[in-house]
Each structure stands twice: as structure tokens, then as C-alpha cells.
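Descriptive structure summary
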Amino acid sequence: MSTLLDKPAVHNPWVAHSARIVDIRSEVPGVSTYDLEFDNPDVGGAYQFQPGQFNMLYLPGYGESAISISSDPERRDILSHTVRVAGNVTQALGRKREGDHIALRGPFGSSWPVEACKGQDIVFACGGIGLAPLRPAIYYALNHRDEFGRLILLYGARTPKDLLYPSEYEEWRSRGMEVEVTVDIGDDDWKGHIGVVPVLFYRLRLQHQQTTIMTCGPEIMMRFVVFEALARKLAPENVFVSMERNMSCAMGFCGHCQLGPHFVCKDGPVFDFRQVEPFFNLEDM
């Protein structure tokens, strides 16, 4: 049975297609969201992605960069990427303006198991820009709200000014998601939690038999999220991590993203914890 998340056979992810930047939104310092529209409407009509996958964004003369998709997987008109300036390609992208063109190929990689989680509770635990790869999964779960149990977002950033998509939190709450936000350092206007994301687990009562955790963010944060999940008797196969590190080619050829026997670009970026447990606490892997 096909679903809205199935990848259509007519779309070739290896072919780069031209896309126009239709909107640029500054999110936090050094991070912006780019809304793209394919120049060829037939390409746009055929393109589909699954939450957690990424595209390779290509800028002639600079190269390409692996960027997670951050838009609603069931929207067909706009494809969004939330990008942090970190290298030559993303710096060049930061100089682009609305109406400019880039190229992209994809989608690539594994995805969050949102369809497999129907009937379960889901905890989305993320830090910093790690909310961007989880945002499509959040959209999907809210679009199908009656097919899930509790939906819980645990999100943290360094300061209130570093929080992604703050204008959406109330809408997510109104649609049935529990949203808990924390920062490392507050300001005079901050009335929320102070502390790291794993501490938010202390406020939760989870039914471990029916809960799945999806986490993305700094690896040290994910380590402690996994620790909190396992301490609450969640099975390792119900804990999913996005290991977005050093992806360069999307094919596993360059080896930059190797993690033990895995290549993050090809085998990930989303893994269940059993797959990466032997390497998860090792530095420089």
C-alpha cells in the first residue's frame, strides 16, 4: 500500500535540479531557513521526502553541502532547509537573495520511523539546530494527530535568542503537542526552564512499553538523552538518533562520515540506538 511518504519511482535523487529561493528567514544568529521551489514543476510534483532525510545543496564554484530538510513532508509547493553558516558552501548560500537559484539533488538517507510509531507516544528531544531535522516528523505527527498517543517536544538552546521557530510553539501546543523548552542562560524576559534538555525528563512520566524517543542535537546532549531513555526502561530499538556529522558525498565514497562500520550519509543519518551503541560514547569516531 502506498503512502504520502513513499518515494516516487519517477524521481531520480542523483540528478541535480535547479531551484529558486522564494523566501529567506533569519532564524537565529548564523542560521537561516531557505524556502525553495523547483524551476521545473514536473520535478516539484514528483519530488517527495521522508522526515529526517537530507538533500545535497549545490552552488557552482563552491561545491555542495548536505542539509537536512526542515519542511512539512506533505507540502508539495515549498521545500525548506534550515542552514547554519559553517563552511564555504553555506557561506556562499548566505550571500544568496530571494529569486536567486541553486541546485539540489536528493533526498538521501534514512528517516524517522513516524509511520511505524502510530499508536505510540513520541518524545522529540533536541538541542540547538537539531530541531530542524525533527521538524518534518513533528509536522507529520501533528497532521495525523489522532493516530498517535502523547506527542512531547523537549527542546533546548543556549539562550532564548538561539531558539529555532519560536513562533510555532503555541500552534504545536494547540494541535495537541506538549512543548517543554529550556535554555542554558536566560534573560530578563525568560520565564521558562533553565538547564539542559535531559533534565526535562525528570518532569515526565513515560509508559516505556509504548514510547519512542527521537533525538538530534549536540552529541553530548544525545548521549544523556539516551541515558535517560534507557534509565526509564525504553528498549534501545525504540530510541532513534540522528548522527549528522561530516556528510560530504551522500554515497559513502569519501569516508568523511564513517562511524564504525556505518557511513552516516548512506546508512543514516537516523539510526536506532542498537546500531550505534558500540561507538556512541567514543570520542573522534
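One structure accompanies this document, and this report is about it. (Residues numbered from 1 in each chain as written. Predicted model: local features only at pLDDT ≥ 70, side-chain atom pairs only at ≥ 80, totals over all residues. Heavy atoms only, no water.)

With that out of the way, let us pick up the overall build of the chain. If you tally the helices and strands in the chain, you get 7 helices and 15 strands. Counting only C-alpha atoms and orienting by the principal axes, one finds that the chain spans roughly 50 × 45 × 40 Å. Across the 285 residues in the chain, those meeting the buried criterion constitute 53%. Of the contacts made within the chain by residues no fewer than 6 positions apart, 69% connect residues no fewer than 24 positions apart. About 13000 Å² of surface is accessible on the chain, with carbon and sulfur atoms providing 50% of the total. Averaged over its 27 positive side-chain charges, the chain has a centre that lies 2 Å from the centre of its 36 negative ones. (Helix = DSSP H or I, 4+ residues; strand = E, 2+ residues; numbered from the N terminus. Buried < 20%, exposed > 50% of the residue type's maximum accessible area, 1.4 Å probe, protein only. Contact = heavy atoms within 4.5 Å. Areas by Shrake-Rupley, 256 points an atom, 1.4 Å probe, with all protein chains shown as cover. Lys, Arg positive; Asp, Glu negative; His and termini not counted. Charge placed at Lys NZ, Arg CZ, Asp CG, Glu CD.)

Take unusual backbone geometry next. Note the cis peptide between G106 and P107, where omega equals 5°. One can find P107 in strand β6 (residues 101-108). Despite not being glycine, Y165 has its phi angle at roughly 55°, a positive value. With respect to the helices and strands, Y165 occurs in the loop between β8 (151-157) and α4 (169-174). For K233, which is not glycine, the phi torsion reads 70° and is therefore positive.

Looking now at a nonpolar patch on the surface. There is a patch of nonpolar side chains on the surface, built from V196, V199 and Y202 and spanning about 280 Å² of accessible area. Structurally, V199 can be placed in the loop between β10 (193-194) and β11 (211-216). (Patch = residues over 30% accessible without salt bridge, like charges linked within 9 Å, V, L, I, M, F, W, Y side chains within 5 Å. Salt bridge = Lys/Arg side-chain N within 4 Å of Asp/Glu carboxyl O.)

This brings us to the sheet that holds strand β15 (residues 270-272). Pairing within the open sheet is mixed, and its 7 strands lie in the order β10-β9-β8-β7-β11-β12-β15. A single partner strand is all that each edge strand has here, and the edge strands are β10 and β15. Strand direction decides the pairing type here: strand β7 (residues 121-127) and β8, joined by 6 bridges, are parallel. Its bridge partner lying in β8, C126 is registered against Y155. Here helix α3 (residues 131-143) sits on the sheet and contacts β7, β8, β9 (177-183) and β11; the angle it forms with β7, its principal contact strand, is near 155°. Packing against the sheet, helix α5 (residues 219-231) makes contact with β7, β11 and β12 (239-242), and its axis sits at approximately 170° to β11. (Pairing = 2+ DSSP bridges. Axes fitted to C-alpha atoms, helices over the stretch in contact; angles between N-to-C directions.)

Turning to α3, a few remarks are in order. Here α3 contains 13 residues, and its C-alpha end-to-end distance of 18 Å stays within 8% of the 18 Å for a straight helix at 1.5 Å per residue. Summarising burial for α3: 12 of the 13 residues are buried, a large majority. Among all positions of α3, only L131, A132, P133, L134, R135, P136, A137, I138, Y139, Y140, A141 and L142 are buried. (Expected span 1.5 Å × (residues − 1).)

Adjacent strands of a sheet form backbone hydrogen bonds with each other and so pair up, either parallel or antiparallel. If you walk across this open sheet you meet the 6 strands as β4-β3-β6-β1-β2-β5, and the pairing is antiparallel. Of all the strands in the sheet, the pair left with one neighbour each is β4 (63-68) and β5 (79-84). Geometrically, the sheet is characterised by an average inter-axis angle of 40° between neighbouring strands, direction not taken into account. One ladder, built from 6 bridges, connects strand β3 (residues 54-59) with β4; its direction is antiparallel. Residue pairing for β4: L57 is matched across the bridge by S65.

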